[in-house]
Amino acid sequence: MLDKDRRVSERSLENLKLGAQARYQGKVRQNFTILPQTLEWLKKGGNASQRVDELVAAAKNGDLKSNYTHERKERENLESDSVYNQINDLKVELERLKANQAQAANILQEALKLKANAGGAIKEQIKQVLGLLGEF
């Protein structure tokens, strides 16, 4: 081995010329104890530090989920969708009731304008109002 010429790549020389500050990417060196299976998995994927950073980024984005968390969140989403749909249905019903109330008030105001001896017409308008209010 001593007979071979040691070669240094051009990129390595360029990085050395730039200096330590230029090569610094804001990363911090730390020592962690991990499971042997995790170490094997990290070694299979190339740059282990980059893979750890990708895993952390995915975890922060919510892209990584355990089976339990995934099932729980789906159930929560279904429950929240159900509640959301119920709220929307109640809003629609409330708007319908408000419209019926306003229509009933208009009919009663028209009935007040009728002459006292117009009993049949007043009865018809009262029936209309009861029909609107009876739809609860």
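Throughout what follows, the structure given in this document is the object of discussion.

Parameters and conventions
- Residues numbered from 1 in each chain as written.
- Predicted model: local features only at pLDDT ≥ 70, side-chain atom pairs only at ≥ 80, totals over all residues.
- Heavy atoms only, no water.
- Helix = DSSP H or I, 4+ residues; strand = E, 2+ residues; numbered from the N terminus.
- Expected span 1.5 Å × (residues − 1).
- Buried < 20%, exposed > 50% of the residue type's maximum accessible area, 1.4 Å probe, protein only.
- Arc of directions from axis to C-beta.
- Axes fitted to C-alpha atoms, helices over the stretch in contact; angles between N-to-C directions.
- Parallel < 35°, antiparallel > 145°, perpendicular 65-115°, else oblique.
- Contact = heavy atoms within 4.5 Å.
- Nonpolar A, V, L, I, M, F, W, Y, C, P; charged D, E, K, R; others polar.
- Phe/Tyr/Trp six-rings, centres within 6.5 Å; stacked < 30°, edge-to-face > 60°.
- Lys NZ or Arg CZ within 6 Å of the ring centre and 35° of its normal.

For the rest of this paragraph, the subject is helix α6 (residues 119-133). Taking 1.5 Å per residue, 15 residues should reach 21 Å; α6 reaches 21 Å between its end C-alpha atoms and fits that length. Where α6 is concerned, the buried positions are Q125, V129 and L132. Take α6 and look down its axis: the buried residues cluster within an arc of 60°, on one side only. Exposed residues pointing more than 90 degrees away from the buried face of α6 are listed as K123, K127 and L130.

Right, let's talk about the packing of helix α3 (residues 36-44) against helix α4 (residues 48-61) for a bit. Where α3 contacts α4, the axes come no closer than 8 Å and their chain directions differ by 105°. One way to sum up the angle between α3 and α4 is to call them roughly perpendicular. Taking contact as the criterion, the partners of W41, L42 and K44 in α3 are, on α4, A48, R51, V52 and L55. Of the residues contributing to the contact of α3 with α4, the split by class is five nonpolar, no polar and two charged.

With 14 residues, α4 should reach 20 Å at 1.5 Å per residue; the first-to-last C-alpha distance of 20 Å fits that figure. Of the residues trailing α4, G62 is marked for its positive phi of about 85°.

Taken as a whole, this structure holds zero aromatic pairs when the rule is applied. Geometry around W41 places R51 over its ring, the cationic atom sitting 3.7 Å from the centre.

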